[in-house]
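Each chain is listed here by its residues.
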Amino acid sequence: MSEFLYCDIHTHNQIPPLNTISVINLNTLNILPTSIFQLLSTQYYSIGIHPWFINTVSLSSTMANIEKALFTQPNIIALGETGLDKIYNSNFRDQIIFLHKHFELATIYKKPLILHCVKAVNELLAIKQSYKNVKCIIHGFS
């Protein structure tokens, strides 16, 4: 077994660099529900829907696919990337609804959240207050 020198807690690269243990982000847009069962058992993953893409998916089917993946895949160790972004052109109220759903799954499955936050710090912190037991990593903060 190789020794890891680096830890990348959030990447979109499907193949991590040498000497790096990575948490590879699976956006529900780039995987089919059946491909979730083909994840490499030697890798770690996070799964979620980015706030930029919520207008292109159904809340119920997306969250059902995420929950199915969490239930069946032990190497999915986090939820996200999810969050709030006031600059990007997606409905902010819908972003809040999706974020609450991610927090609810994080509570049930005891997984941390990887959060994207742009110009919505106050809103994000207010929502986080309702989920005190959920650990979070803020990524893409401005």
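Thresholds applied
- Residues numbered from 1 in each chain as written.
- Predicted model: local features only at pLDDT ≥ 70, side-chain atom pairs only at ≥ 80, totals over all residues.
- Heavy atoms only, no water.
- Helix = DSSP H or I, 4+ residues; strand = E, 2+ residues; numbered from the N terminus.
- Buried < 20%, exposed > 50% of the residue type's maximum accessible area, 1.4 Å probe, protein only.
- Lys, Arg positive; Asp, Glu negative; His and termini not counted.
- Salt bridge = Lys/Arg side-chain N within 4 Å of Asp/Glu carboxyl O.
- Contact = heavy atoms within 4.5 Å.
- Core = buried A, V, L, I, M, F, W, Y, C linked by side-chain atoms within 4.5 Å.
- Pairing = 2+ DSSP bridges.
- Right-handed = clockwise from strand over helix to strand, strands pointing away.
- Axes fitted to C-alpha atoms, helices over the stretch in contact; angles between N-to-C directions.
- Parallel < 35°, antiparallel > 145°, perpendicular 65-115°, else oblique.
- Left-handed = near helix turned anticlockwise from the far one by under 90°.
- Nonpolar A, V, L, I, M, F, W, Y, C, P; charged D, E, K, R; others polar.

K.L.:
Just checking my understanding: could you explain the side chain of K111 for this structure?
P.N.:
If you trace the backbone, K111 turns up in the loop between α2 (92-109) and β5 (113-118). One buried charged side chain, K111, makes no salt bridge at all; its nearest oppositely charged neighbour is E67, positioned 12 Å away. For K111, the contacting residues outside a window of four places in its chain are L70, I76, I77, A78, L79, A106 and V134.

K.L.:
Mind showing me how you'd approach the nonpolar core here?
P.N.:
Side chains that are nonpolar tend, in soluble globular proteins, to be buried together. Residues I47, I66, L70, L79, L99, F103 and L113 are the most contacted members of the largest nonpolar core, which totals 26 residues. Excluding residues within four positions of it along the chain, L113 makes contact with L79, T82, H102, F103, A106, V134, K135, C136 and I137.

K.L.:
How should the pairing of strand β4 (residues 76-85) be read in this particular structure?
P.N.:
On any regular strand, side chains alternate: one points to one face of the sheet, the next to the other face. Burial analysis of β4 places 9 of its 10 residues in the buried class, the great majority of the element. The pairing of strand β3 (residues 44-48) with β4 spans 3 bridges and is classified as parallel. Looking at the pairing, I47 lines up with L79 of β4. In this fold, the crossover linking β3 to β4 by way of helix α1 (residues 59-72) has right-handed handedness. Bridge analysis of β4 against β5 gives 6 bridges, and the strand direction is parallel. When the sheet's bridge partners are listed, G80 is paired in β5 with I114. Of the crossover connections in this fold, the one passing from β4 over α2 to the parallel β5 is right-handed.

K.L.:
Can you help me understand the packing of α1 against α2 in this one?
P.N.:
For any two helices packed against each other, the geometry comes down to the angle between their axes and how far apart the axes lie. For the pair α1 and α2, the least separation of the axes is 11 Å and the interaxial angle reads 20 degrees. Between α1 and α2, the angle falls in the class roughly parallel. Relative to α2, the crossing made by α1 is right-handed. Along the contact surface, α1 presents L59, T62, M63, I66, E67, L70 and F71, while α2 presents I97, F98, K101, H102, L105 and Y109. The residue inventory of the contact of α1 with α2, partitioned by class, reads 9 nonpolar, 2 polar and 2 charged.

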